[in-house]
Amino acid sequence: MWLSPERINPGDKEHRVINIKKVTSGSTPDIATIVDDLYKEIIIAGTHKASSIKVAEAAKVIENTQRDVNIALINELSLIFNKLDIDTEAVLEAAGTKWNFLPFRPGLVGGHCIGVDPYYLTHKAIEVGYKPEIILAGRRLNDSMGKYVANQVATLMTKKRIHIIDANILIMGLTFKENCPDLRNTRVVDLVEEFKGFNCSVDVYDPWVDKQEAHREYGITPVDSLAKGKYDAVVLAVSHDEFKKMSIEEINILGKDNFVLYDIKYLLKADQVDGRL
């Protein structure tokens, strides 16, 4: 038996299988060596032969758990800064001038690894008698961000005297990350569900997704095109290149004369939007 944890990054054209160092392992020293030698023939970045399958699998799990916890911290900071009326991006840019500050950004945390692996680790920890605290706290916070964003948008709409009930909402982006068609465990669906809970009419637009897959997995059928002047609120949820290339005028024309523009991904400047993380 052998194991080599997947490290591929969907949508990433720079970090590919051949130039990401490969962790390998085997059930016996001989098998581990055979597997490691095999991968060395195709992996330009080289390999790391772990001492056991357990070590290799644990390494994979904590890679994603570490990222999840780090994003949770930044998400929590964004909640605090919002209450303090401080722009989160401005704070992160200032802090980022220090060489060892980690460049994480707030957002919705989904995907088939980051949003899942921490639960594998905590489940195993509980089995052996340890109840994790930081890991689960991070998961709870990240899983709550969709509801937080929806409530923020609803509050901003109320301040603009826009009725939330029966409002038309546009969510731009459905995939769990930018520039890839992967819908697995996308947390954008939380936004859709929250807005529907407010009795809103929700359109989702994403040029990357397979519409049949989106409907099959989540009951969401993305619209084919963007309608001008239709929406009471527009939420920029995923930073696809197609959205980055849109000017503020092209985005503003989607909304009614009085509408809310919320930017989860910092695609626009702070003074161009009504709210953002």
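Quick summary incoming for the structure in this document. If you're wondering where the values come from, they're calculated on a predicted model, not measured in any experiment.

Of all hydrophobic cores here, the largest spans 36 residues; its most connected members are Ile171, Leu191 and Phe195. Mapped onto this core, the elements with two or more residues apiece are α6 (145–159), β4 (168–172), α7 (188–197), β5 (201–205), β6 (231–236) and β7 (255–263). Ranked by the residues each element gives to this core, the list is headed by α6, at eight residues. Sequence-distant contacts of Ile171, that is, excluding residues within four places in its chain, are made with Val188, Leu191, Val192, Phe195, Val202, Asp203, Val204, Tyr205, Val235 and Ala237. In this structure, Tyr231, Val234, Leu261 and Val273 belong to the second largest nonpolar core, which totals 15 residues.

Turning to the packing of helix α2 (residues 53–83) against helix α5 (residues 134–143), a few remarks are in order. Here α2 crosses α5 at 55°, and the two axes come no closer than 9 Å. Looking at the two axes, α2 sits oblique to α5. Taken as a pair, α2 and α5 cross one another with a handedness that is left-handed. Across the interface between the two elements, Thr65, Asp68, Val69, Ile71, Ala72, Asn75 and Glu76 from α2 touch Ile134, Ile135, Gly138, Arg139, Leu141 and Asn142 from α5.

The subject of this paragraph is a nonpolar patch on the surface. Taken together, the side chains of Ile80, Leu84 and Ile86 make up a nonpolar region of the molecular surface, amounting to roughly 260 Å² of accessible area. Checked against the element boundaries, Ile80 lands in helix α2.

Conventions and cut-offs
- Residues numbered from 1 in each chain as written.
- Predicted model: local features only at pLDDT ≥ 70, side-chain atom pairs only at ≥ 80, totals over all residues.
- Heavy atoms only, no water.
- Core = buried A, V, L, I, M, F, W, Y, C linked by side-chain atoms within 4.5 Å.
- Buried < 20%, exposed > 50% of the residue type's maximum accessible area, 1.4 Å probe, protein only.
- Helix = DSSP H or I, 4+ residues; strand = E, 2+ residues; numbered from the N terminus.
- Contact = heavy atoms within 4.5 Å.
- Axes fitted to C-alpha atoms, helices over the stretch in contact; angles between N-to-C directions.
- Parallel < 35°, antiparallel > 145°, perpendicular 65-115°, else oblique.
- Left-handed = near helix turned anticlockwise from the far one by under 90°.
- Patch = residues over 30% accessible without salt bridge, like charges linked within 9 Å, V, L, I, M, F, W, Y side chains within 5 Å.
- Areas by Shrake-Rupley, 256 points an atom, 1.4 Å probe, with all protein chains shown as cover.
- Salt bridge = Lys/Arg side-chain N within 4 Å of Asp/Glu carboxyl O.

Note that all results are geometric; they support no functional claim without further evidence.
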